[in-house]
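# Survey of secondary and tertiary structure
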Amino acid sequence: MGTSLGKNAVVQMNAVAITTWVNQADLQRVVDLLDAHTFGDTAKEYAPGLVDGTLGVTCLYDDVAGNIDAAANTAFTAAAGVVVNIYPVGTAVGKAYYTGTAFMRNERLGVNVAQLETLSFDLQFSGGISRALVV
Amino acid sequence: MGKLIGGSSVKILWGASDLTSFFSDMSIDRSNDLQDTTRFGDAQHKYGKGIDDGDVVLTGLYDDVAANLDGILNTAFGAAAGTVATLGPAALTIGNAVRLLSAREAQYRIENGSTGTYQKLAATIKADGGIDRGVSLHALAAETAVVNSASVDNGAASTNGAVAHLNATVATEVTSVTIKIQESSDNGGADAWADIMTFTAVTGTTSERLTIAAGTTVERYVRCIISAFTGTAGKSLTYAVGFARR
C-alpha cells in the first residue's frame, strides 16, 4: 500500500525546498469537460478539453533572507513563472511527483496578535502538470 | 527553519503615525491578474502574467480620540493622495522584511457589537501601485545626530529600480534632518557608498515615498544614513526606512 502521512510530502518552488515552512499543500488537476450532448441524447455526454492545475499552499511565515517569504516573493514577481515540484510521499526513488511551471496568482500574509504569522498562496500552473517517478 | 513569528511583533506605520497598538489583525494580499494565453495546438491552459494588485485589511478596536485610530483613518478616507504605509510582519529590525504600499482606504467600518463588547474598527485598504516586498533599513527608533545605519546585503545587484519609504513619527527640537539611501557593490570597500535616494529635508513628523526608475541598477548593498541633522540641544527624530527592489 502506498499511503503516507502528510508530513512526508516535499514541495519545491524555483529549486528552493519550501517544505520546512509548509503545513498544507493542495494540488488540484482539472480537465475542461465540454458538453457534447445533442438532440436525442438522454444523458449528457462530455469530451475532454484543455487540462489545468493549481496548487494551494499554506506556510508559517519566516522573513529570514532565503526562506519562505523571499521564495514566495521570487515566485510572485517572476515574469515567466517558476518550476514547482510536489512530492506527495517524499523524494525516495520510485515515488511519484508532479512538476510544472506556475505563476503565483495571489499571496496572503496573515497576522494576528495571538497567533503565528502565516503565508499562503495559490499557484497557477501554465502548460499543465506532468506526473513522473523519482529516479 | 528561520524564526517563527508571533503576530505580536508586527509593526504598522501609516504616514507619520505608528498605528501598531490599535490593531490586532492584519492580512496583506497581493495578486497577479493572470491572463489565459492558451492557443490552438496547446493541450493545457497557458497563462501570462498581468497587472499586480494589493489589498490590506486591518482590524482593531475603535478609538475616537482625535490623534488616535478613528481620527487618523478618517483624515485619510477619500484623501487625494495615498498614505505612505510601511508594514513590518516581523518588527522593523534592519534587514527584516517589510511591505511597502501607497495606501488608499477603500472601506472603513465601525462595528458596534452587543452592549457588552468593545466596538471594533476594520479598514480595507487598496494598494495604489501594488505592494512591494522589501527590507527595513532603519527600525522605528530615535536618532539624535548624523549616523550611518547598518547595510543590508541583497546577495547581488538588482536591475529594475526600487521604492523606498520614510515614516518619521516623532520629532523633537528638530530644525532639519537629511536622510539618504546609499548603495555599494562591496559594502563600502573599494566601491565607496554613493547616494541613490534623498528624502526631502525633515523638519517635523512626516512620511515620503521615493522611487528609482524601472530598469535602473541598484548595487548589492544598500544602507540609509543621516547626512545632516540640525536642531536645538534636545533634538531627536524617530523614524523608519523601508526599501524594496523591483
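Residues numbered from 1 in each chain as written. Chains lettered and ligands numbered in written order. Predicted model: local features only at pLDDT ≥ 70, side-chain atom pairs only at ≥ 80, totals over all residues. Heavy atoms only, no water.

## Concerning the overall build of chain A
For chain A, the helix and strand inventory stands at one helix and eight strands. The secondary structure elements of chain A, listed N-terminal to C-terminal, are β-β-β-β-α-β-β-β-β. Taking 14 Å as the expected radius of gyration for a compact globule of 135 residues, we find that chain A reaches 18 Å, considerably beyond that expectation. Seen along its three principal axes, the alpha-carbon backbone of chain A occupies a region of about 60 × 35 × 30 Å. Counting the 135 residues in chain A, one finds 41% classified as buried. Considering only residue pairs separated by 6 or more positions, chain A has 61% of its internal contacts joining residues 24 or more positions apart. Counting only carbon and sulfur atoms, one obtains 55% of the accessible surface of chain A, whose full area is about 6,900 Å². Measuring between centres, the 7 positive side-chain charges of chain A sit 9 Å from its 12 negative side-chain charges. (Helix = DSSP H or I, 4+ residues; strand = E, 2+ residues; numbered from the N terminus. Rg over C-alpha atoms; globule rule 2.2 N^0.38 Å. Buried < 20%, exposed > 50% of the residue type's maximum accessible area, 1.4 Å probe, protein only. Contact = heavy atoms within 4.5 Å. Areas by Shrake-Rupley, 256 points an atom, 1.4 Å probe, with all protein chains shown as cover. Lys, Arg positive; Asp, Glu negative; His and termini not counted. Charge placed at Lys NZ, Arg CZ, Asp CG, Glu CD.)

## Quick word on unusual backbone geometry
Phi is positive for Asn-14 of chain A, close to 60°, though the residue is something other than glycine. For Asn-14 of chain A, the location among the structural elements is in the loop between β1 (10-13) and β2 (16-17). You can call Asn-14 of chain A partly exposed: its relative accessible area is 36%. A positive phi angle, close to 65°, is found at Asn-187 of chain B, a residue other than glycine.

## Focus: the environment of Leu-116 of chain A
Mapping Leu-116 of chain A onto the fold places it in the loop between β6 (96-112) and β7 (118-125). As for Leu-116 of chain A and Val-51 of chain A, which are separated by 65 residues in sequence, their C-alpha atoms are 36 Å apart.

## Describing helix α1 (residues 68-77) of chain A
Across the 10 residues that make up α1 of chain A, a large majority, eight, are buried. Looking only at α1 of chain A, the buried set comprises Ile-68, Asp-69, Ala-70, Ala-71, Ala-72, Asn-73, Ala-75 and Phe-76 of chain A.

## As for the environment of Glu-173 of chain B
Residues and elements named next belong to chain B. Here Glu-173 is to be found in strand β13 (residues 162-184). Taking the relative accessible area as the measure of exposure, Glu-173 reaches 41% and is therefore partly exposed. Contacts of Glu-173, omitting those with residues within four sequence positions, involve Gly-231, Thr-232, Ala-233, Gly-234 and Lys-235. A distance of 3.5 Å separates a polar atom in the side chain of Glu-173 from the backbone nitrogen of Ala-233. Of note is the side chain of Glu-173, whose polar atom sits 2.8 Å from the backbone nitrogen of Gly-234. (Polar contact = N/O pair within 3.5 Å; in protein donor to acceptor, adjacent residues only side chain to side chain.)

## Brief notes about the pairing of strand β7 (residues 83-88) of chain B
Looking down a regular strand, the side chains alternate between one sheet face and the other. Residues and elements named next belong to chain B. For β7, a buried count of six out of six residues is recorded, marking the element as mostly surrounded by other parts of the structure. Both faces of β7 are covered, namely the face carrying Thr-83, Ala-85 and Leu-87 and the face carrying Val-84, Thr-86 and Gly-88. Relative to β7, strand β1 (residues 11-14) is paired through four bridges, and the arrangement is antiparallel. Counted as the bridge partner of Leu-13 is Thr-86 from β7. Pairing of β7 with strand β8 (residues 97-111) involves five bridges; the strand directions are antiparallel. Residue pairing in the sheet places Thr-86 in a bridge with Leu-100 of β8. (Pairing = 2+ DSSP bridges.)

## What to know about the interface of chain B and chain A
Each partner contributes residues to the interface: chain B has 36 residues there, and chain A has 40 residues. Contact between chain B and chain A buries roughly 3,300 Å² in total, counting both sides, with carbon and sulfur atoms accounting for 50%. Broken down residue by residue, the surface that chain B buries against chain A is led by Arg-30, His-45 and Tyr-47 of chain B, which jointly contribute 20%. For the pair chain B and chain A, the interface holds five salt bridges. Between Arg-30 of chain B and Glu-107 of chain A there is a salt bridge, and its shortest N-O distance comes to 2.9 Å. (Buried area = accessible area lost by both parts, 1.4 Å probe. Salt bridge = Lys/Arg side-chain N within 4 Å of Asp/Glu carboxyl O.)

## What about the layout of surface pockets?
In this model, the largest pocket occupies a volume close to 640 Å³. Taken together, 29 residues make up the lining of the largest pocket; nearest its centre are Ala-70 and Asn-73 of chain A together with Arg-133, Asn-154 and Arg-245 of chain B. Those elements that provide at least two residues to the lining of the largest pocket are α1 of chain A together with β10 (132-143), β12 (152-153) and β16 (221-245) of chain B. For the lining of the largest pocket, the element with the most residues is α1 of chain A, which contributes five residues. (1 Å grid on protein atoms, 1.4 Å probe; cavity = no way out; pocket = protein on both sides within 12 Å on 5 of 7 lines; lining within 4 Å. Points joined across faces, edges and corners; volume = space filled by probe spheres on them.)

## Some thoughts on the pattern of salt bridges
In the structure shown here, the tally under the stated rule is 16 salt bridges over all chains. Measuring nitrogen to oxygen at the nearest pair gives 2.9 Å for the salt bridge that ties Asp-195 of chain B to Lys-180 of chain B. Pair noted here: Asp-195 of chain B is in strand β14 (residues 194-198) and Lys-180 of chain B is in strand β13, with a separation of 15 residues, a long-range link. Bridged by salt links that share partners, the residues Asp-69 and Glu-107 of chain A together with Arg-30, Arg-99 and Arg-133 of chain B form one connected network.

## A word on a nonpolar patch on the surface
All names here are of chain A. A grouping of Val-31, Leu-33 and Tyr-46 is seen on the molecular surface, where their side chains present a nonpolar patch of about 300 Å² in accessible area. In this structure, Leu-33 sits in strand β3 (residues 22-35). Look at Leu-33 and you get exposed, because its relative accessible area is 53%. (Patch = residues over 30% accessible without salt bridge, like charges linked within 9 Å, V, L, I, M, F, W, Y side chains within 5 Å.)

## Considering the confidence of the model for chain B
On average, residues of chain B score 92 in pLDDT, and 97% of them are at 70 or above. This complex was scored by the predictor with a pTM of 0.90 and an ipTM of 0.83. (pLDDT = per-residue confidence, 0-100.)

## Some thoughts on the side chain of Ser-184 of chain B
Residues and elements named next belong to chain B. Within the secondary structure layout, Ser-184 lies in strand β13. A relative accessible area of 0% places Ser-184 in the buried class. Of the polar contacts made by the side chain of Ser-184, one reaches the backbone nitrogen of Gly-188; its length is 2.7 Å. Within the local environment of Ser-184, its side chain forms a polar contact with the backbone oxygen of Asp-191, the two atoms lying 2.8 Å apart. Dropping the residues within four chain positions of it, Ser-184 is found in contact with Gly-189, Asp-191, Trp-193, Glu-219, Arg-220 and Tyr-221.

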